[in-house]
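Geometric and topological summary
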Protein chains: 2
Amino acid sequence: MPVTELLPLTDVTACCAPLTREPLGAADAEALAKTLKALADPARLRLISMVAAHDGHEACVCDLIEPLGLSQPTVSHHLKILVDAGLLSRDKRGVWAYYALVPGALDAVAAVFATV
Amino acid sequence: MPVTELLPLTDVTACCAPLTREPLGAADAEALAKTLKALADPARLRLISMVAAHDGHEACVCDLIEPLGLSQPTVSHHLKILVDAGLLSRDKRGVWAYYALVPGALDAVAAVFATV
């Protein structure tokens, strides 16, 4: 199993204070920008929302390909970026991989941008 | 005044339902990805947080250059991207431009990612 499946390259839940509370430092800005780059793609946003809409916030990759209208390698590429960013986790069961929201990851992004 | 200062190219406050409520449609995913691309840069995140930390969520460009350690043309380039994305507004007063958070824009981003 690649190490990126065990240790996200960035940990959004450890970053950052709300943007409106205090100016963001250089290191936090780099980390947050990496997470946002992982999210800033239409296919990846749709994948996250499809996973989130499934029961238990988990979905088989076999259920994600047809609704997106992309090839399986392309979908797997996008899913790997989301796993590396610490937004999704991956669990291989039998022939299929299952992807789940990492608890707290999307809320950590939300907390950075919330002003109220 | 360029039309982009009056009409943001994207309007994040009109997009989207929370990601965990329902699968994101293709058009909403494109719009949200554009907003996130504008945010997904360390210098632009720091600019937003510096503007947000100022009194009234507004700052003179003259106060944004030195803390970032970037040239004025580079800072102006990043600020234009944030204005075009509908995240900041720009007001020229005398020799300086003042940038302010667009009310509701960051909260709209937060609302998309909030799961609770």
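Structural notes, computed from the coordinates. Computed from a prediction, not measured in an experiment: that's the story for all the values here. Every residue gets a number counted from 1 within its own chain, in the order that chain's sequence is written. The naming scheme follows written order: chains are lettered A onward, ligands numbered 1 onward. Totals for whole chains, interfaces and linings use every residue, but because this is a predicted model, local features are given only for residues with pLDDT of at least 70 and side-chain atom pairs only at 80 or more, for both listing and counting. Excluding hydrogens and water, the side-chain figures rest on all heavy atoms present in the structure.

**Some remarks on the relation of the copies chain B and chain A**
- All copies are superposed by least squares; the fitting set is the C-alpha atoms of residues with a pLDDT of at least 70 in both. The two copies are related by a screw operation: chain B maps onto chain A through 180° of rotation and 0.0 Å of translation along the axis, at an RMSD of 0.0 Å. Here the transformation between the copies is reduced to the relation of a two-fold axis. Distance from the rotation axis, computed per C-alpha, reaches its smallest value in chain B at Ala110(B): 2.0 Å.
- Should any heavy atoms of two residues lie within 4.5 Å, those residues are counted as being in contact. Both copies contact each other with a shared surface, as 100% of the interface residues of chain B are interface residues in chain A too.

**Let's talk about the sheet that holds strand 3 (residues 96-101) of chain A**
Residue and element names in this part refer to chain A.
- Here 3 strands make up an open sheet; going across it, the order is 1-3-2 and the pairing antiparallel. Edge strands, defined here as strands with exactly one partner in the open sheet, are strand 1 (58-60) and strand 2 (88-93). Going from strand to strand, the sheet's axes swing by 25° on average, the running direction of each strand aside.
- As paired elements, strand 2 and strand 3 share 6 bridges and run antiparallel to each other. Along strand 3, the bridge assignment pairs Asp91 with Tyr98.
- Sheet contacts for helix 4 (residues 72-84): strand 2 and strand 3; angle to strand 2, the most-contacted strand, approximately 125°. Any two strands with at least two DSSP bridges between them are considered paired. Put simply, DSSP marks the helices as runs of H or I at least four residues long and the strands as runs of E at least two long, and each gets a number from the N terminus on. The axes used here are C-alpha line fits, helices contributing only the stretch in contact, and every angle between their N-to-C directions lies in the interval 0 to 180 degrees.

**Notes on the packing of helix 1 (residues 26-39) of chain A against helix 2 (residues 42-53) of chain B**
- Contact geometry of helix 1 of chain A with helix 2 of chain B gives a least axis separation of 8 Å together with a crossing angle of 115°. For helix 1 of chain A against helix 2 of chain B, the interelement crossing comes out right-handed. Each of Ala26(A), Ala29(A), Glu30(A), Leu32(A), Ala33(A) and Leu36(A) in helix 1 of chain A lies in contact with helix 2 of chain B, whose residues at this interface are Pro42(B), Leu45(B) and Arg46(B).
- Under the grouping applied here, Gly and all other residues not named as nonpolar or charged are polar, the nonpolar ones being Ala, Val, Leu, Ile, Met, Phe, Trp, Tyr, Cys and Pro and the charged ones Asp, Glu, Lys and Arg. Residue classes in the contact of helix 1 of chain A with helix 2 of chain B are distributed as 7 nonpolar, no polar and 2 charged. We call a crossing left-handed when the near helix sits turned anticlockwise from the far one by less than a right angle, and right-handed when that turn is clockwise.

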